[in-house]
Amino acid sequence: MTRPPARPAPRLSDRFALSYGQKLFLLATLPLILAVAAISLLVAAQSRALAEREIAALERQMIAAKKAELRNYVDQARNGLNRIYGMAGPEDALAQEHVKQILSAMIYGDEGFFFVYDYDGTNLVSPRQTGMIGQNWLELTDGNGVPVVRDFIDTAREGTGYVTHLWPKPSTGEEALMVSYVTALHSWKWAMGTGVFIDDVLATTAAARADVEARVQRTFLHIGGITAGALVLVFASGLLINIRERRLADAKLKALTQRVFDAQEEERGRVARELHDGISQLLVAVRYALDSARRRLDAGDARAGETLDRGMSSLSEAIQEVRRISRDLRPGVLDDLGLGPALKSLVEDFGARTGVAVEFSTVVFRNRLHDDAKIALYRIAQEALTNIERHAGASHVAMDLRGHRSGATLKISDDGCGLPPAADHAKGMGLRNMQERVEQMGGTLRIFTTRSGTGTGTLIEVTVPPSKVIDANSDDLDAQDKAQDRRPLRTPLATPPGAAARALPPRSPGKDSS
């Protein structure tokens, strides 16, 4: 048993192929998403930069306040010791011991204390960390590798100054960032100072940065929510518009289908009436004439020849009627000789049938129009003449057809009663059929009601685009246009001077009964 061939696996591009509606939605929403993302990033960057500047300024202010406080402590201590230090000599041990006791007692807050190191690095005063007293700490470094005691001594040798370093907290023993203010007792070769931990400053600034980051994230969430709402609104609007347009398209399609059915039924009814009223009657007359001739021949009546002549005449009329109906359905002259002769024949038949004075002018087309354009122009002319015959009451009709560089133009004018009000002619089918034929070939249809000194009338102007002209840009066309310019022609029809023209919009054709 032969296995059926395996189906090829679907390609990745086929799986993710987008429909037209999805592409349209993506095209509408992608710029919005990109714009919102760019705005969000810009707002976040600006917010972070502004907050960072404010936090840095706050940190500098807080540290400056602590430094000023430290300097005030040291200045007060120095002023209090001047009575003893100023009167003691360089080797006055009693005075030095007295000063040590005073500084050991100067503790403040939970972590504050004074410290003293001699220039060799030996700790002399450390009231909260007494284990350091009497030991040399010149090579002591903090967690960041900063030689803390050496920096104290170097600063004191230079006069006064601040040293930022890590130092174990007396309460916890853990290192924390500290700022110390150091001054010197030069005659005793001491570096004296005090410090304050600034981890609370760092905690405050860290909390401020965390708050800023939280605000930025909330801003992103708000912008994202607004964007999502906008996208949902766009999607819902597009969906509603799509549904509405589909309903309108379905309604228009149903109406168009109904008009096609109505036109088909009307054409069938017309052909049926013409067959019944014309050809059927003629064929019946032929049948009776042949039957009468046969009886007379059987009886030897000499009038059998006259009866046959009448039958042949009726048969000729039937043939002419069949040709007329065939020409109305599809004129052979349009295929054989072209649009100009076909329109001329149509106008002449109209004048002969109605008694209306007709005038036709054209240029040599040499079959340069596409077949669909020729058929459309012929049907439009046929429809216009039918409307003129039924409704216009005109005594003169003029038709002009000519080609030019921008396509071709057909003008049909009459001196009839003009168009009815727009509210009445908007329901007609004939002008709608004209409009639809013109739109199918990409042309334009303009219909005017004209008024002049001789009365009112109607002008129909149809323009065929260059795309419906064969070899519209060829050298032969230029030579042909020059030859046509040299050929004497009638002046193309135009709106009469002083005419008040009312142009119909493309989708609002006039009323007629065709």
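Residues numbered from 1 in each chain as written. Predicted model: local features only at pLDDT ≥ 70, side-chain atom pairs only at ≥ 80, totals over all residues. Heavy atoms only, no water.

Q: Explain the overall build of the protein chain to me, please; I cannot follow it from the model alone.
A: Secondary structure assignment for the protein chain yields 12 helices and 10 strands. Looking at the protein chain as a whole, 36% of its 514 residues are labelled buried. The long-range fraction of contacts in the protein chain, counting pairs at least 24 apart against all pairs at least 6 apart in sequence, stands at 65%. (Helix = DSSP H or I, 4+ residues; strand = E, 2+ residues; numbered from the N terminus. Buried < 20%, exposed > 50% of the residue type's maximum accessible area, 1.4 Å probe, protein only. Contact = heavy atoms within 4.5 Å.)

Q: Please explain the sheet that holds strand β5 (residues 190-197) as it appears in this structure.
A: Reading across from one edge, β2-β1-β5-β4-β3 is the order of the five strands in this open sheet, with antiparallel pairing throughout. The open sheet has two edge strands, β2 (123-125) and β3 (161-168), and neither has a second partner. For this sheet, the mean inter-axis angle between neighbouring strands, taken without regard to orientation, is 35°. Of the pairings in the sheet, the one linking β3 to strand β4 (residues 175-185) comprises eight bridges and is antiparallel in character. When the bridges of β4 are listed, threonine 164 appears paired with valine 179. (Pairing = 2+ DSSP bridges. Axes fitted to C-alpha atoms, helices over the stretch in contact; angles between N-to-C directions.)

Q: Can you help me understand the side chain of lysine 100 in this one?
A: Looking at where lysine 100 falls in the secondary structure, it is placed in helix α3 (residues 93-105). Although buried, lysine 100 forms no salt bridge, and the nearest oppositely charged side chain, glutamate 97, lies 4.3 Å from it. (Lys, Arg positive; Asp, Glu negative; His and termini not counted. Salt bridge = Lys/Arg side-chain N within 4 Å of Asp/Glu carboxyl O.)

Q: Explain the packing of helix α9 (residues 371-392) against helix α11 (residues 430-440) here, please?
A: When two helices pack together, their arrangement is given by the angle between the helix axes and the distance between those axes. Between α9 and α11, the least distance of the axes is 10 Å, while the angle of their chain directions is 165°. By the angle between their axes, α9 is roughly antiparallel relative to α11. For α9 against α11, the interelement crossing comes out left-handed. Between α9, through Ala376, Arg379, Ile380, Glu383, Ala384 and Asn387, and α11, the contact on the second element is made entirely by Gly430, Leu431, Met434, Arg437 and Val438. Taken together, the residues that form the contact of α9 with α11 break down as six nonpolar, two polar and three charged. (Parallel < 35°, antiparallel > 145°, perpendicular 65-115°, else oblique. Left-handed = near helix turned anticlockwise from the far one by under 90°. Nonpolar A, V, L, I, M, F, W, Y, C, P; charged D, E, K, R; others polar.)

Q: Explain α3 to me, please; I cannot follow it from the model alone.
A: An α-helical turn contains 3.6 residues, so any two residues separated by three or four positions project in the same direction. Helix length check: α3 (13 residues) gives 19 Å between terminal C-alpha atoms against 18 Å at 1.5 Å per residue, within 8%. Within the sequence span of α3, burial applies to Ala95, Gln96, Val99, Lys100 and Leu103. Down the axis of α3, the buried side of the element spans an arc of 140°, and every buried residue falls inside it. The exposed residues of α3 that point more than 90 degrees off its buried face are Leu94, Gln101 and Ala105. Its side-chain oxygen at 3.3 Å from the backbone nitrogen of leucine 94, aspartate 92 defines the N-terminal cap of α3. (Expected span 1.5 Å × (residues − 1). Arc of directions from axis to C-beta. Polar contact = N/O pair within 3.5 Å; in protein donor to acceptor, adjacent residues only side chain to side chain.)

Q: I would appreciate a short explanation of the pairing of strand β7 (residues 396-404) in the present structure.
A: The side chains of a regular strand alternate, first on one face of the sheet and then on the other. Taken across its nine residues, β7 has seven buried, putting it largely inside the fold. Pairing of strand β6 (residues 357-362) with β7, which is carried by six bridges, proceeds in the parallel orientation. Looking at β7, one finds that threonine 362 is bridged to leucine 401. What sits between the antiparallel neighbours β7 and strand β8 (residues 407-414) is a turn of two residues.

Q: I would appreciate a short explanation of the environment of proline 341 in the present structure.
A: In this fold, proline 341 is placed in helix α8 (residues 339-354). The class for proline 341 is partly exposed, based on a relative accessible area of 35%. Sequence-wise, proline 341 and threonine 362 are 21 residues apart; in three dimensions their C-alpha atoms are separated by 9.3 Å.

Q: Help me understand the pairing of β8, please; the structure alone is not making it clear to me.
A: For β8, the tally of buried residues reaches eight of eight residues, placing the bulk of the element in the interior. Pairing analysis gives eight bridges linking β7 to β8, with the strands arranged antiparallel. Note that in β8 the partner of methionine 399 across the bridge is isoleucine 412.

Q: Is there a simple way to think about the packing of aromatic side chains in this case?
A: Note on aromatic pairs: each is described by the distance of the centres and the angle between the planes. Applying the stated criterion across every chain, the model contains eight aromatic pairs. For the ring pair phenylalanine 115 and tyrosine 117, a centre distance of 6.0 Å and an interplane angle of 55° mean the geometry is tilted. Judged by its relative accessible area of 5%, phenylalanine 115 falls in the buried class. The class for tyrosine 117 is buried, based on a relative accessible area of 1%. Ring plane angle 20° and centroid distance 4.6 Å describe the contact between phenylalanine 115 and phenylalanine 152, whose orientation is recorded as stacked. A residue pair is termed long-range when its members are at least 10 positions apart, and phenylalanine 115 in strand β1 (residues 114-118) and phenylalanine 152 in helix α4 (residues 148-158) qualify at 37 residues. Linked through ring pairs, Tyr73, Tyr108 and Phe114 together constitute an aromatic cluster. Above the face of the tyrosine 162 ring, lysine 67 is positioned so that its terminal group lies 5.2 Å from the ring centre. Lying over the aromatic face of phenylalanine 197, lysine 169 brings its terminal NZ or CZ to 5.7 Å of the ring centre. (Phe/Tyr/Trp six-rings, centres within 6.5 Å; stacked < 30°, edge-to-face > 60°. Lys NZ or Arg CZ within 6 Å of the ring centre and 35° of its normal.)

Q: I keep staring at the confidence of the model for the protein chain and nothing clicks. Help me out?
A: A low pLDDT means the predicted coordinates there should not be read in detail. Predicted confidence across the protein chain gives a mean pLDDT of 78, with 82% of residues reaching 70 or more. Contacts for the low-pLDDT stretch residues 475-514, under 50 throughout, to residues beyond four places or in other chains number 92 contacts. (pLDDT = per-residue confidence, 0-100.)

Q: I tried to follow the pattern of salt bridges on my own but got confused; where do I start?
A: Pairing of side chains with opposite charge becomes possible as their charged atoms draw close. Going through the model one piece at a time under the given rule, you end up with 12 salt bridges. When the shortest N-O distance is used, the salt bridge between aspartate 211 and arginine 215 registers 3.0 Å. Taken as a pair, aspartate 211 and arginine 215 lie in helix α5 (residues 199-299) at a separation of four residues, close to a single helical turn. The exposure class assigned to aspartate 211 is partly exposed, which follows from its relative accessible area of 33%. The partner of arginine 446 in a salt bridge is glutamate 461, and the shortest N-O contact between them spans 2.5 Å. Highlighted residues: arginine 446 in strand β9 (residues 444-452) and glutamate 461 in strand β10 (residues 455-464), separated in sequence by 15 residues. On the accessibility criterion, arginine 446 (40% relative accessible area) is partly exposed. In this structure, a network of salt bridges that share partners links the residues Lys411, Arg446 and Glu461.

Q: I tried to follow the side chain of threonine 409 on my own but got confused; where do I start?
A: Structurally, threonine 409 is set in strand β8. In contact with threonine 409, other than residues within four places in its own chain, are Asp400, Leu401, Arg402, His404, Glu461, Val462 and Thr463.

Q: In this structure, what is going on with the nonpolar core? I would like to understand it.
A: Here is a general trend for soluble globular proteins: nonpolar side chains tend to be buried in one another's company. Grouped together as the largest cluster of nonpolar side chains are 38 residues, with contacts concentrated most on Leu343, Leu377, Met399, Leu410 and Val462. Those elements giving two or more residues to this core turn out to be α8, α9, β7, β8, α11, β9 and β10. Contact partners of leucine 343, with chain neighbours within four places excluded, come to Phe360, Leu377, Tyr378, Ala381, Met399, Leu401 and Leu410. Membership of the second largest hydrophobic core comes to 25 residues, among which are Val74, Leu81, Val116 and Ile198. (Core = buried A, V, L, I, M, F, W, Y, C linked by side-chain atoms within 4.5 Å.)

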